[in-house]
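In case you want the letters, here they are:
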Amino acid sequence: MIPWKKGLRRATESVAGWLFPRGACCLCCGDPRRAGEEDCLCDECREKLKEWRVPAGACNRCLSPVTPGKPCAFCASRMMKPIEAVFSPYRFGGETRALIHALKFDACGEAAPLLAGAMADALARRDFDCIVPVPLHPARLRQRGFNQSLLLGQELSARTGVPVRELLRRDRYRAPQSRLPMKRRADNVRGAFSCMGDPAGKRILLLDDVRTTGSTACACAQALLDAGAESVCLCTCAVVYRKARRGQGLSH
Ligand SMILES: [Zn+2]
Ligand SMILES: [Zn+2]
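Trainee: Can you explain the overall build of the protein chain? Please cite residues and give values.
Mentor: Within the protein chain, the secondary structure is distributed over 9 helices and 9 strands. Residues counted as buried form 38% of the 252 residues belonging to the protein chain.

Encoded structure:
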């Protein structure tokens, strides 16, 4: 970031922090909260957040929406092959989009504990040897100042007792996945990650903020499996449900 822009941002943040002290406003809608509320959402957003829970009828392996009585199209496509199972409390949109935005771009210290609490519940007491956050490329990390997946991993570790190990490195950095069409995302990240430590025989819980196509998670999982990991599951704050074309119902 250009130095004067950084200065301007800091000045704006300090004025905003004085006018609206952290914790005084709802993380989703920005409305003032009632004093003494235990979490960082207003009553309305807390209620609306419940509507973004992954529905009970979703595929129990990948959390995609499925038609009752039919096999999961996303699992059948083998796009998630290196991932044993996916855990996520929410679908992406509305209040979950606002919370993840607060986590990633506002460096907000309140979003990570709130989201990690819901992620811990979604894990349903499964056992893992370590939590591995999806890394940012060093250039991106310098730009943002922190890795949101590591932040979530530390919060999740505090709740589950499973240690965080930063075993992955992102070697290549092309376009951010969010700017690419779905079809090009797998090519963009294939071979982009390498394993730095020894994951041999470990049951790994890979951690990311959102799963869209699953390409990033699969590239990470493949690097860990190639280095000897026993299994890789994925935990995210939210999964993206999008409408598929050609009458396939919903898929990723
Ligand atoms: Zn609100
Ligand atoms: Zn599935």
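Trainee: A description of the nonpolar core should follow, citing residues and the corresponding values.
Mentor: With 69 residues, the main nonpolar core has Leu99, Leu115, Leu206 and Cys220 as its most contacted residues. Three or more residues apiece are contributed to this core by two domains, here domain 1 (20–51) and domain 2 (57–251). Apart from the residues lying within four places of it in its own chain, the contact partners of Cys220 are Val134, Leu168, Phe193 and Leu206.

Trainee: So what about the pairing of strand E6 (residues 203–211)? Which residues, and what values?
Mentor: Of all 9 residues in E6, 8 are buried, a share of seventy percent or more. Relative to E6, strand E3 (residues 130–133) is paired through 4 bridges, and the arrangement is parallel. Across the sheet, residue Ile131 finds its bridge partner in E6, namely Leu205. Summarising the sheet, E6 and strand E7 (residues 231–239) pair through 8 bridges and their orientation is parallel. From the neighbouring strand, Val210 faces E7, where its bridge partner is Ala238. You can see the chain leave E6, run along helix H9 (residues 215–226) and come back into E7, and the turn it takes is right-handed.

Trainee: Give a description of H9 that names residues and reports values.
Mentor: The terminal C-alpha atoms of H9 lie 16 Å apart, and with 12 residues this matches the ideal 16 Å at 1.5 Å per residue to within 8%. A large share of H9 lies buried, amounting to 9 of its 12 residues. Among the residues making up H9, those that are buried are Ser215, Thr216, Ala217, Cys218, Ala219, Cys220, Ala221, Ala223 and Leu224. Gly228 sits one or two residues past H9 and shows a positive phi near 110°.

Trainee: So what's going on with the pairing of E7? Which residues, and what values?
Mentor: Most of E7 sits out of view: 8 of its 9 residues are buried. With 2 bridges connecting them, strand E1 (residues 86–87) and E7 associate as parallel partners. The residue of E7 that forms the bridge with Val86 is Leu234. Two strands pair when backbone bridges link them, and strand E2 (residues 90–91) and E7 are joined in this way by 2 bridges, in the parallel orientation. Counted as the bridge partner of Arg91 is Val239 from E7.

Trainee: Explain the environment of Ala24 to me, using residue names and the numbers behind them.
Mentor: Here Ala24 lies in the loop between helix H1 (3–19) and helix H2 (43–50). Overall, the presence of 11 C-beta atoms within 10 Å leaves Ala24 in the exposed class. As a C-alpha pair, Ala24 and Leu41 span 17 residues in sequence and 9.6 Å in three-dimensional space.

Trainee: Run through the packing of helix H5 (residues 111–122) against helix H7 (residues 148–160), naming residues and quoting values.
Mentor: Orientation of H5 relative to H7, taken along the N-to-C sense of each, is 55°, at an axis distance of 9 Å. It follows that H5 is oblique to H7 by the angle criterion. Like other packed secondary-structure pairs, H5 and H7 cross with a definite hand, here right-handed. Along its contact with H5, which presents Ala112, Pro113, Leu115, Ala116, Gly117, Met119 and Ala120, the element H7 presents Leu151, Leu152, Glu155, Leu156, Arg159 and Thr160. A breakdown of the residues in the contact of H5 with H7 according to their chemical character gives 9 nonpolar, 2 polar and 2 charged.

Trainee: Describe the environment of Cys25, with residues and values.
Mentor: Structurally, Cys25 is set in the loop between H1 and H2. Given 17 C-beta atoms within a 10 Å radius, Cys25 is considered partly exposed. Sequence spacing of Cys25 and Leu41 is 16 residues, and the spatial spacing of their C-alpha atoms is 7.6 Å.

Trainee: Could you give an account of H7, with specific residues and numbers?
Mentor: For H7, with 13 residues, the first-to-last C-alpha span of 18 Å sits near the 18 Å given by 1.5 Å per residue. Three or more residues of H7 are buried, namely Gln148, Ser149, Leu150, Leu151, Leu152, Gly153, Glu155 and Leu156. The inward-facing, buried residues of H7 abut helix H4 (94–105), H5, E3 and E6. Positive phi shows up at Gly161, right after H7, with a value of about 80°.

Trainee: Would you mind going over the confidence of the model for the protein chain in detail, with residue names and values included?
Mentor: The predicted structure's coordinates, where accompanied by low pLDDT, should not be read in detail. For the protein chain, mean pLDDT is 84; residues scoring 70 or higher make up 77% of the total. Confidence drops under pLDDT 50 across residues 244–252; counting only partners more than four residues distant or on other chains, this segment forms 18 contacts.

Calculation criteria
- Residues numbered from 1 in each chain as written.
- Chains lettered and ligands numbered in written order.
- Predicted model: local features only at pLDDT ≥ 70, side-chain atom pairs only at ≥ 80, totals over all residues.
- Helix = DSSP H or I, 4+ residues; strand = E, 2+ residues; numbered from the N terminus.
- Buried ≥ 20, exposed ≤ 12 C-beta atoms within 10 Å, placed from the backbone.
- Core = buried A, V, L, I, M, F, W, Y, C linked by C-beta atoms within 7 Å.
- Domains from an automatic or database assignment.
- Contact = placed C-beta atoms within 7 Å.
- Pairing = 2+ DSSP bridges.
- Right-handed = clockwise from strand over helix to strand, strands pointing away.
- Expected span 1.5 Å × (residues − 1).
- Axes fitted to C-alpha atoms, helices over the stretch in contact; angles between N-to-C directions.
- Parallel < 35°, antiparallel > 145°, perpendicular 65-115°, else oblique.
- Left-handed = near helix turned anticlockwise from the far one by under 90°.
- Nonpolar A, V, L, I, M, F, W, Y, C, P; charged D, E, K, R; others polar.
- pLDDT = per-residue confidence, 0-100.

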